[in-house]
Amino acid sequence: MTTRHYEVPPQLEDLLLEFTVNVLVNQPDNLVAYAVQYFTRLNESGANSKLAPADTNNVQDGGVSDQDDSMMSEDEGPPQNCNYRRKSVFAEAYNPEEDDDEGQKAVFPKSDEQRARLSDAVQGILLFRALDPHQMQEVIDAMFERKVTAGENVIQQGDDGDNFYVIESGRYSIYVKMDDSAEPKKVGSYDNKGSFGELALMYNMPRAATITADEEGSLWAMDRQTFRRIVLKNAFKKRKMYESLLETVPMLKALEPYERMNLADALVPRTFTDGELIIEQGDEADGMYFVEEGTVRITRTEHGQAEVQINVIEKGGYLGELALITKNPRAASAYAVGDVRLAFLDREAFERLLGPCMDVMKREMENYEEELQKIFGSSVNISDVR
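The structure displayed is predicted, hence computed values, not measured ones. (Residues numbered from 1 in each chain as written. Predicted model: local features only at pLDDT ≥ 70, side-chain atom pairs only at ≥ 80, totals over all residues. Heavy atoms only, no water.)

**Q** Account for the overall build of the chain, naming residues and giving values.
**A** Each helix and strand counted, the chain has 11 helices and 14 strands in total. By residue count, 49% of the 386 residues in the chain fall in the buried class. A separation of at least 24 residues holds for 79% of the contacts in the chain among residues at least 6 apart in sequence. For the chain, the accessible surface area stands at approximately 18,800 Å², while carbon and sulfur atoms represent 47% of it. (Helix = DSSP H or I, 4+ residues; strand = E, 2+ residues; numbered from the N terminus. Buried < 20%, exposed > 50% of the residue type's maximum accessible area, 1.4 Å probe, protein only. Contact = heavy atoms within 4.5 Å. Areas by Shrake-Rupley, 256 points an atom, 1.4 Å probe, with all protein chains shown as cover.)

Structural data, given as C-alpha cells:
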C-alpha cells in the first residue's frame, strides 16, 4: 500500500488568512460565489497565485517544512480527507460590525521578564504584522503562559478551537488522522518558534490536526473571544480606516473599488516621532508610504552641500514611490514633523497592486524633476538617482 505524503506550500497560510479575514469582514451571503470572485480578482490584479513549492529541507516523514513556522499552516493541516465534525453550538459566527468593543478586556499580569520574552515570541507572527504598538500591547496583556510536558497533546484533532498559541520554546509535532489511516500520521513539526491554532478560531471549525509536545516547553495562549476581538476586529477597523484614507489620494482614483480594498489590506501601520528619519537619500527602496496623520518633510542634498527642503507632504499624500518605479536608490530623505502615522506598502505589494496608477506616477516624476531643477538651479534627472 502506497503511503501518501503531504506538503503544505509556504505561501498557503498567508493566502488563506487574507481570504478568511475578507470573508469575516464582508460577511458574503454566498461564500462560494464570493470565493470565485475574490480569487479571480486576485489573479487578474497580477498577484503571484502560484504557491511556492514547499522546502524539502527539514521535512520529517514527508510532512511540512519548519523553515518558516510563522507562515506554515498550523493546526489546520491538509484540509482534504480530514475527519471533520459539525461545528459545535458555541462556535458562533463573529461579525466585527456588531462588536462594540465594550466589556472588560482580558489582562494577565506579567513580570517585565515575561513581557520581554513574550514580545520576542510574537515578533514576526503573520497575524500581528498589521497591529500598531498599542494593539501589540493589548495582545501581550491578553496572553497567558502555558507550560507543557513531553507527550502532552496541546490541541486534539476534532476538538473545538479554544485558544491560539505562540511558541516560546520546545519542539512540537503535527499529526493528522486521514480517512484511510488507522493511526494519525506526522505531517510536520515546529522547533522553538511559530504559532498555531488560529484557523479553527477564524473558520469556526474543529481542530484539523493534533499538536503534541515532543519535550518540555512553553507556550503563550490567547482565548478564542479575545483573539477574535483583537485580530478580526482590528483587521475590520484597519480596512475601513485605510479605505477612507485611500479615497482621499488623487492618484488612486484610477483604481477600481475592489483594487483599493486589496490595497487597504496590504498596508501596514508605521509611526514616527518628531525629527525621526523615515527615508534616507541613497538607500535602497523597500516600499512607499501614505500619510495617515501628521506632516512629512522631504529634503535633498546635492554634491555634498547642506540638505535643502524640497517638499512637505501632509495627510492624504504619499512618498517613496519614485524609487520603486525607477528601481534606483532613494533620491531624497524624509523626516517626521511632529508625531506622524504612515501606512507602509512594501515593494512586492506595490508592484502587484498599483499597476493601474503607474502612468499617473510617471507623470508626477516629470513634475518632480522640474521642481528640483528650479531649487538646485541645474538639471536633475530623478531617473538617474532614484
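Moving on, there is more to tell.
**Q** So what about helix α4 (residues 133-142)? Which residues, and what values?
**A** Among all positions in α4, only Gln-135, Met-136, Glu-138, Val-139, Ile-140 and Ala-142 are buried. Its buried side turned inward, α4 meets α3 (112-122), β1 (144-148), β8 (217-223) and α6 (224-247).

**Q** Describe in detail the packing of α3 against α4, supporting the description with residues and values.
**A** For the pair α3 and α4, interaxial distance at closest approach is 10 Å and the crossing angle is 115 degrees. Two packed elements cross with a definite hand, and for α3 against α4 that hand is right-handed. Of the residues in α4, those in contact with Arg-115, Leu-118, Ser-119 and Val-122 of α3 are Met-136, Gln-137, Ile-140 and Asp-141. Counted by class, the contact of α3 with α4 contains four nonpolar, two polar and two charged residues. (Axes fitted to C-alpha atoms, helices over the stretch in contact; angles between N-to-C directions. Left-handed = near helix turned anticlockwise from the far one by under 90°. Nonpolar A, V, L, I, M, F, W, Y, C, P; charged D, E, K, R; others polar.)

**Q** Quick one: what's the story with the nonpolar core, residue by residue and with numbers?
**A** Counting 27 residues, the largest nonpolar core has Leu-252, Phe-290, Leu-345 and Leu-354 as the members making the most contacts within it. Of all the secondary-structure elements, those providing two or more residues to this core are α6, α7 (257-266), β11 (287-300), α8 (321-326), β14 (333-346) and α9 (347-353). Broken down by element, this core gets its largest block of residues, four residues, from α8. When neighbours within four sequence positions are excluded, Leu-345 is seen to be in contact with Leu-263, Ala-266, Leu-267, Gly-287, Met-288, Phe-350 and Leu-354. Ala-142, Met-143, Val-166 and Val-231 belong to the second largest nonpolar core, which has 23 residues in total. (Core = buried A, V, L, I, M, F, W, Y, C linked by side-chain atoms within 4.5 Å.)

**Q** Go over the packing of aromatic side chains with me, naming the residues and quoting the values.
**A** Counting across every chain of the model gives 11 aromatic pairs. Pairing Phe-128 with Phe-164 gives two aromatic rings, centres 5.9 Å apart and planes at 90 degrees, and the pair type is edge-to-face. One end of the pair, Phe-128, is in the loop between α3 and α4; the other, Phe-164, is in strand β3 (residues 163-169), with 36 residues separating them in the sequence. We classify Phe-128 as buried; its relative accessible area is 3%. (Phe/Tyr/Trp six-rings, centres within 6.5 Å; stacked < 30°, edge-to-face > 60°.)

**Q** Which residues make up the packing of α6 against α7, and what are the values?
**A** Viewed as axis vectors pointing N to C, α6 and α7 meet at an angle of 120 degrees, and their least axial separation amounts to 9 Å. As far as their axial angle goes, α7 and α6 are oblique. As for how α6 packs across α7, the hand of that crossing is right-handed. Residues Lys-238, Arg-239, Tyr-242, Glu-243, Leu-246 and Glu-247 of α6 pack against Arg-260, Met-261, Leu-263, Ala-264, Asp-265 and Ala-266 of α7. Partitioned by chemical class, the residues of the contact of α6 with α7 number six nonpolar, no polar and six charged. (Parallel < 35°, antiparallel > 145°, perpendicular 65-115°, else oblique.)

**Q** Which residues make up unusual backbone geometry, and what values do they have?
**A** The backbone of Asn-192 shows a phi angle near 65 degrees, a positive value even though the residue is not glycine. Summarising the element assignment, Asn-192 is placed in the loop between β5 (185-191) and β6 (195-196).

**Q** Explain the sheet that holds β1 to me, and be specific about the residues and the numbers.
**A** One open sheet holds the four strands; their spatial order is β1-β8-β3-β6, and the pairing between them is antiparallel. The open sheet is flanked by β1 and β6, the only strands paired with a single partner. With two bridges joining them, β3 and β6 adopt antiparallel strand pairing. By the bridge assignment for β6, Tyr-165 is matched with Phe-196. α3 rests against β1, β3 and β8 of the sheet, and its axis sits at about 105 degrees to β3. (Pairing = 2+ DSSP bridges.)

**Q** Report on α3, specifying residues and quantitative values.
**A** Buried within α3 are the following residues: Gln-114, Leu-118, Ala-121 and Val-122. Seen from one end, α3 has its buried residues packed into an arc of 85 degrees, which puts them on one side. Across α3 from its buried face, at more than 90 degrees, point the exposed residues Asp-112 and Asp-120. Where α3 is buried, its residues touch α4, β1, β3 and β8. Phi for Gly-124, located one or two positions after α3, is positive at around 85 degrees. (Arc of directions from axis to C-beta.)

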